[in-house]
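Coordinate analysis (summary)
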Amino acid sequence: MGVKTRTNGKFFFNSIVRIVNNEAYKGTIISNRTIGRHEAIRPKEEWIVVENAHPAIIDEAIWEKANTIVNTYSFSAPKNKNKIYPTTKLFFCGNCGKLQGCNVAPTGKTYIKICVVCKNRTFQYNPVLKIIKGEIESYRQDVLASIVGVEESNIDNI
């Protein structure tokens, strides 16, 4: 839609939920909700709630209905699209040593993420994975030969 946020961005699911759950739209003001500026939320028994403190923008029945719709499971944010890659927790930044992750670009290509600490540039994931698979394959033959050697020596000892 054409409506933007006050910072000229898109509305996301959490923005809509926060707006619909705001009791100020039905004329209710709640104070003493937090300890400090945004430190922690107090128990509801300590909140000061003033009903009909100002004219409501929306009547209570519609506000309740909107809250029921927004807070149901069927109207929730899309599931996280994070994937577990074969190299999860195996890539480290070459400059600072920080653990690296992967993400998929809008083009569909997978990249190693840019380092959040030193801003080291990224690289495509698939060529790196191909190199890793090649290295593992070269060790595979040695490991299989070692296993066969151990099995034969165990047979000879029996």
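Note: the structure precedes this text.
Below is a short write-up of the structure. These numbers were taken from a predicted model, which means no experiment stands behind them. (Residues numbered from 1 in each chain as written. Predicted model: local features only at pLDDT ≥ 70, side-chain atom pairs only at ≥ 80, totals over all residues. Heavy atoms only, no water.)

Some details on the pattern of salt bridges
Which entries qualify depends on this criterion: By definition here, a salt bridge exists when the distance from a side-chain nitrogen of Lys or Arg to a carboxyl oxygen of Asp or Glu is within 4 Å. Under the scheme used here, helices are H or I runs from DSSP no shorter than 4 residues and strands are E runs no shorter than 2 residues, and both carry numbers assigned from the N terminus. Categorising residues by exposure relies on relative accessible area from a 1.4 Å probe, with only protein chains included: less than 20% of the type maximum marks a residue as buried, more than 50% marks it as exposed, and the intermediate range marks it as partly exposed.
Considering all chains together, one arrives at five salt bridges under this definition. Ionic pairing is found between Lys 26 and Glu 64, a salt bridge with its closest N-O pair at 3.9 Å. In this pair, Lys 26 is assigned in the loop between helix H1 (13-21) and strand S1 (29-31) and Glu 64 in helix H2 (residues 60-70), connecting sequence segments 38 residues apart. Lys 26 gets classed as buried once you look at its relative accessible area, which sits at 9%.

Thoughts on the environment of Phe 13
Considering the arrangement of structural elements, one finds Phe 13 in helix H1. Here Phe 13 falls in the partly exposed class, since its relative accessible area comes to 30%. Along the backbone, Phe 13 and Val 70 are 57 residues apart, and their C-alpha atoms lie at a distance of 9.5 Å.

Points about the layout of surface pockets
We count it as follows: Points on a 1 Å grid over protein atoms alone make up a cavity when a 1.4 Å probe fits among them but cannot get out, and a pocket when they form an open set with protein on both sides within 12 Å along at least five of seven lines; lining residues each have an atom within 4 Å of a point. Grid points are joined across faces, edges and corners, and a volume is the space filled by probe spheres set on the points.
Reported here for the largest pocket is a volume of approximately 360 Å³. Sorting the residues of the lining of the largest pocket by element identifies H1 and S1 as the ones contributing at least two each. For the lining of the largest pocket, the element with the most residues is H1, which contributes three residues.

Considerations on the side chain of Thr 110
Selection rule: In what follows, residue pairs with any heavy atoms lying within 4.5 Å of each other are defined as contacts.
Relative to the helices and strands, Thr 110 resides in strand S6 (residues 110-112). When near neighbours in sequence (up to four residues on either side) are disregarded, Thr 110 contacts Tyr 85, Cys 102, Asn 103, Val 104, Gln 124 and Tyr 125.

Thoughts on the packing of H1 against H2
Quick reminder of the rule: The angle between two axes is taken between their N-to-C directions and runs from 0 to 180 degrees, where each axis is a line fitted to C-alpha atoms and a helix contributes only its stretch in contact. The scheme is simple: roughly parallel for angles under 35 degrees, roughly antiparallel for over 145, roughly perpendicular for 65 to 115, oblique for anything else. The crossing is said to be left-handed when, going from far helix to near helix, the turn is anticlockwise and less than a right angle, and right-handed when the turn is clockwise. Basically, the charged four are Asp, Glu, Lys and Arg, the nonpolar ten are Ala, Val, Leu, Ile, Met, Phe, Trp, Tyr, Cys and Pro, and anything else, Gly included, counts as polar.
It is at 9 Å that the axes of H1 and H2 come closest, and there the two elements cross at 150°. As the angle between them shows, H1 and H2 are arranged roughly antiparallel. Pair H1 / H2 crosses with left-handed handedness. Listed contacts from H2 to Phe 13, Val 17, Val 20 and Asn 21 of H1 are Trp 63, Ala 66, Asn 67 and Val 70. Looking at side-chain class alone, the contact of H1 with H2 contains six nonpolar, two polar and no charged residues.

Note that every value here comes from positions in space, so none of it alone points to a role or purpose.
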